[in-house]
Amino acid sequence: MVDMEKGKSSYKVRVFLNAFNTFKMGNQVGRKSANTFEIICHITTTKEFVPFSQLETAVNNVIQSFTGKDLNKLAQFSNKDFSLEILTRYLSVMINN
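Each chain carries its own residue numbering, running from 1 in the direction its sequence is written. In keeping with the predicted nature of the model, local features appear solely for residues at pLDDT of at least 70, side-chain atom pairs appear and are counted solely at 80 or more, and the whole-chain, interface and lining totals rest on all residues. Neither water nor hydrogens contribute to the side-chain values; these are computed over all heavy atoms in the structure.

Structural notes on the overall build of the protein
The helix count covers DSSP runs of H or I at least four residues long, the strand count covers runs of E at least two residues long, and both are numbered beginning at the N terminus. For the protein, the helix and strand inventory stands at two helices and five strands. Ordered by position in the sequence, the α and β elements of the protein form the string β-β-β-β-β-α-α. Against the compact-globule benchmark of 13 Å for 97 residues, the protein has a radius of gyration of 16 Å, which places it well outside the compact range. Its C-alpha atoms give the protein principal-axis dimensions of roughly 55 × 20 × 20 Å. Relative accessibility thresholds used throughout: buried, under 20% of the residue-type maximum; exposed, over 50%; partly exposed, between the two (1.4 Å probe, protein chains only). Relative to its full complement of 97 residues, the protein shows a buried share of 32%. Considering only intrachain contacts with a sequence separation of at least 6, the fraction spanning at least 24 residues in the protein is 62%. Values of accessible area rely on a 1.4 Å probe in the Shrake-Rupley scheme; residue burial ignores everything except the protein chains shown. When the accessible surface of the protein is split by element, carbon and sulfur atoms take 52% of a total near 7,000 Å². Only four residue types enter the charge count, namely Lys and Arg as positive and Asp and Glu as negative; His and the chain termini do not. Note on charges: their place is set at NZ of Lys, CZ of Arg, CG of Asp or CD of Glu. Within the protein, the 8 negative side-chain charges are centred at a point lying 9 Å from the centre of the 12 positive side-chain charges. Radius of gyration here is computed from C-alpha atoms only, and the compact-globule reference equals 2.2 Å multiplied by the residue count raised to the power 0.38. In this analysis, two residues are considered to be in contact whenever any of their non-hydrogen atoms come within 4.5 Å of each other.

Remember, this is a structural readout, not a statement about activity or role.
This is the structure we're talking about:
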């Protein structure tokens, strides 16, 4: 969608991430489980037009680094108990860069 008055464009990119994770509660550790996370990115740019394929590639490049991995064992999450909120914040920063 292009907002001609403000010179902004908005895009919606939907991707899926297949990965493993283990949830912890206190001292108890659950078993590792496979998950499919649906990720929907709402992207706004000040450029009038950005090829959708360029945005989709940028998002997929970030997601691909997590595909098939145990998220709890990745350096990005090693000092924290993994949660969807932490994953979302991290992906937001990486995709915006």
